[in-house]
Each structure stands twice: as C-alpha cells, then as structure tokens.
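Residues per chain, in single letters:
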Amino acid sequence: MTFQKDIGRDCPRAWEAMPWVIQGGASPTQGAWLNMHLAECQACREEFAQQERLRAALDMPCDLPIDAEAGLARLLARIDEADPQRVTPPRRAFSSSWLARGLVAAVLIQAVGIGVLGIKLNSDRNEHAAAPAYRTLSQDTASAPAGSLRVVPASTMKVADWNALLHEYHLRVAGGPNDVGAYTLVPTEGAQATAQILESLRANPGIRLAEPVSAAP
Amino acid sequence: MSDAENDADATDRMLLQRMSAGDRAALAVMYRGYHGRLCRFLSRLTRRTDIIEEAINDCFWIAWQKAATFQGDSRVSTWIMGIAYRCGLKALRQHGSEPVDEDSISEDRTPAHDPGEDREMRDWLGKGLERLSADQRVVVELVYGIGHSLDDVATIMQCPVGTVKARLFHARVKLRNVLPGLAGEQTINREIVP
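For the structure given in this document, a descriptive report is provided here.

Thresholds, definitions, all that
- Residues numbered from 1 in each chain as written.
- Chains lettered and ligands numbered in written order.
- Predicted model: local features only at pLDDT ≥ 70, side-chain atom pairs only at ≥ 80, totals over all residues.
- Helix = DSSP H or I, 4+ residues; strand = E, 2+ residues; numbered from the N terminus.
- Buried ≥ 20, exposed ≤ 12 C-beta atoms within 10 Å, placed from the backbone.
- Contact = placed C-beta atoms within 7 Å.
- Pairing = 2+ DSSP bridges.
- Axes fitted to C-alpha atoms, helices over the stretch in contact; angles between N-to-C directions.
- Nonpolar A, V, L, I, M, F, W, Y, C, P; charged D, E, K, R; others polar.
- Parallel < 35°, antiparallel > 145°, perpendicular 65-115°, else oblique.

1. Observations concerning the overall build of chain A
Scanning chain A from terminus to terminus reveals 7 helices and 4 strands. For chain A, the succession of helices and strands along the chain, N to C, is α-α-α-α-α-β-α-β-β-α-β. Burial status across chain A gives 22% buried among its 217 residues. Here the analysis covers contacts within chain A between residues at least 6 apart in sequence; of these, 57% occur between residues at least 24 apart.

Written out as structure tokens, the structure is:
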C-alpha cells in the first residue's frame, strides 16, 4: 500500500475502516473512531471524500436500457414452456403407452377369440364330416362323404357273412349301427360304382335296406 | 446486519418459500425487487444488454427451481447475487465474450437524458473502473454499490475472504491513484456517513 499523503500511524486503520463506515457495515465504535481521525487528518479526509463519491457514483441506477417487465415476461414464458416438458410429456407417454398396450391387448383377445371360434367351427365341421356313420336316416345327410351307403343287415346275418360282403364290394364301415341297426358304409379303393353296389346289396337276402346317403330314404 | 437488512431478508425468505410452492406472484415480486441491482451488478461484467438479460433470466430460473433447497446459511440476497454472478460468467463464456472493456464503453455509458451532474459522476466513475479488472469491479460494486460484507462477497464469488480483501485493496489503490482529486469540487454530503 502506498499512501502518498500518509501523515500518521492511524491512517492504515482508517483506510481499512472507510468502506464499512461508508456502506453502513461498521460498528458505531469504529465509525466514531474514524470520524475522530478524519477531523485530524487531511489526507484521510480527502480519501474518505473520494470513497463517498465512489459510493454515490456506484449507487446510481444502471445506465443500460433493460426492461424488467419484458424480462419477467420471458422468464414466465420459459417456466410455462418448461413445465409441460417436465410433467405432461411423461404423463402423455405413460397414458399413450397404456392406451397402445390396451389396444394391442384388445386386438390380441379378438384374434384369439376369432381363432378359437374358427377352430371350434372347423372342429364342428369335421365332426359333421365324420358324423354320417352315427346319424340316423332321419337326420341331415348333407355332411356324409360322397358315395356313402346306409345299410341295414338282417338280424340273422352272421358276422362272417357281413365281413365277406364288405370285402367283396370293397366297403368299409364308417359308422353304426345306429338305433335302428343301420351302418354307414363308404366305398374304398377298387369299389364299383355306387349304383352297382346298391343293386348287388339289395339283391342280397341278408340285407334288409341299402340306400345311398345322399338320397332321401 | 441492520434491522432493515433483517426485515428485507425475512421478506425474501418468505417470497422464496412461496416460490418453492410454485407461487409465480412471489417470483414476480422478487424479480422486480432485484432487477435493478442485478442489472447494475452485471453491468460491471459486461455492457452487452443481451448477456445481462440472459444472466438475470437464468438467475431467476435457477432461483425458481432451487427455492426449496435454499439452506438459509446466508442472506437470500447473497444467494441471489452468487447465482447471478455465476450466470453472468457462464453467459459471457457461452457468447465468447470477455468481461467488459471499459475503454470501449466510455462513449455509451451516459444516457442522453442524464442530468449533467449524473453524467459527470458517471464519467468520473468510468475513468476509474476502466482501470480495474473485472474481478476488482465486481468487488467494488458488491461492497460500495450493494453494501455486502467481505464474507458475503467471498460467498458470492466463491473465493476466500483474503482474496476479496486483496481485490478490494488493489482496486482502491488504483482508484486513488487514477481518479482526479476532489479538492474544490466536493459535492458529496457528509450526511451519507452513518
């Protein structure tokens, strides 16, 4: 520190105290002491006066044109912009995520349901397809295989004769006997025409009834 | 701390508490209350109004977000000024701008509507500040302009108290040696001194 106008040993202490006395941060004791020193010291009075002027100059309002209200409006707009980013998007993402998941689940359930229904319908159709052997003559015959025959053997016919008949005409038992003793027979490879088989069966004294399934009994 | 400072700090704490609850009216009150001193404080760092506006905006953006975490170890004003100081330095770095070169702003320092006495004082201050470093100007502003203690300034600038003392000392020596003497033109009323 260089005091060009130092005139006493108390000047450094006065120098230290000046800012705090000027800005009001010094204790009353410190302020009183400085005033006493200033009364006796010309150099410190000049320095103190300059410090006061510095304080007054620095206390002037900012000379730059900066609009507080415009700045506040920008700050509030910034907060408005940031709030949705911080809160709403995650909620939207959460919401849309669950919505998407729900829709996917619904579609899957529908697909599974349709699939099960389709399988069930197909199964029913297969059952219907295999059904002719178990249906009576009064039941619908539309699902019986083509060329199927409904045959009622005589009660006196022996099993051996029945098997021989099936073998002779290349027939296979697909169903039966039902409640009235009717069998459903389907021609196998090498079988004759249905009409010829029917004619032969009807001529057999061991067969009481022989009718094509597709035709009304 | 004086009674007035205690009252001001109590008000600031109340505003900060309301801000932590999302009260924008409290934010507006605090913003308007600090805008003037922040403008002047940051103008010791830069003369670019866009950077000052950005720093103030960032400062209150942080204060708004961190209001609930204010520890109360210092005055609210010290906390705010510290945030503003860091925001100012950050804005300067982002804009690739150096702290204000006082040589380049002496012409535009004085608004056209300034009364003659104010203009004279601003010129006088400008001559002195242009010889100081940015850190020294900030310390001078905080001590003389705003009235912070050495401890407050150290908190604001995040440096040791000894560093603040050194900056203040060197700033005063420079100002004493550079500024024109006041003999015969003293206009300051001694009543300013408490």
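The structure having been displayed, the exposition proceeds.
2. A few points about the overall build of chain B
Along its length, chain B carries 8 helices and 0 strands. Ordered by position from the N terminus, the helices and strands of chain B form the series α-α-α-α-α-α-α-α. A fraction of 67% describes how many contacts in chain B between residues 6 or more apart in sequence connect residues 24 or more apart.

3. Observations concerning the sheet that holds strand S2 (residues 171-175) of chain A
Residues and elements named next belong to chain A. With antiparallel pairing, 4 strands are arranged side by side in an open sheet as S2-S3-S1-S4. One side of each edge strand has no neighbouring strand; the edge strands of this open sheet are S2 and strand S4 (207-212). Along the sheet, successive strands turn relative to each other by an average axial angle of 35°, direction set aside. In this structure, strand S1 (residues 149-153) lies alongside strand S3 (residues 183-187), joined through 3 bridges in antiparallel fashion. Bridged to Leu 149 within S3 is Leu 185.

4. Regarding the interface of chain B and chain A
Listed by partner, the interface residues are 45 residues for chain B and 36 residues for chain A. Elements that contribute at least two residues to the side of chain B that touches chain A include exactly helix H2 (24-43), helix H3 (49-66), helix H5 (116-129), helix H6 (134-146) and helix H8 (161-178) of chain B. Tallying contributions element by element places H2 of chain B first for the side of chain B that touches chain A, with 9 residues. Looking at side-chain class alone, the side of chain B that touches chain A contains 24 nonpolar, 11 polar and 10 charged residues.

5. Here's the deal with helix H6 (residues 159-168) of chain A
H6 of chain A sits mainly on the outside: 0 of its 10 residues count as buried. At the C-terminal side of H6 of chain A, His 170 of chain A shows a positive phi close to 55°.

6. As for the pairing of S3 of chain A
Residues and elements named next belong to chain A. Counting buried positions over the 5 residues of S3 gives 4, a clear majority of the element. Here S2 runs beside S3; their pairing, made up of 4 bridges, is antiparallel. By the bridge assignment for S3, Gly 175 is matched with Thr 184.

7. Focus: unusual backbone geometry
The amide bond that connects Gly 176 of chain A to the next residue, Pro 177 of chain A, takes the cis arrangement and shows omega of -5°. Its location among the elements puts Pro 177 of chain A in the loop between S2 and S3. Although it is not a glycine, His 170 of chain A sits at a positive phi angle of roughly 55°. With respect to the helices and strands, the residue His 170 of chain A is situated in the loop between H6 and S2. Of note, Gln 158 of chain B is a non-glycine position whose phi angle comes to about 55°, a positive value. Relative to the elements of secondary structure, Gln 158 of chain B occurs in the loop between helix H7 (150-157) and H8. The class of Gln 158 of chain B is exposed, set by 10 C-beta atoms lying within 10 Å.

8. With respect to the packing of H6 of chain B against H8 of chain B
Residues and elements named next belong to chain B. Their axes nearest at 9 Å, the elements H6 and H8 cross at an angle of 95°. The pairing of H6 with H8 is recorded here as roughly perpendicular in orientation. Every residue of H8 that contacts H6 at Asp 135, Gln 136, Val 139, Val 140 and Val 143 is listed here: Val 164, Arg 167, Leu 168, His 170 and Ala 171. Residues belonging to the contact of H6 with H8 are distributed by class as follows: 6 nonpolar, 2 polar and 2 charged.

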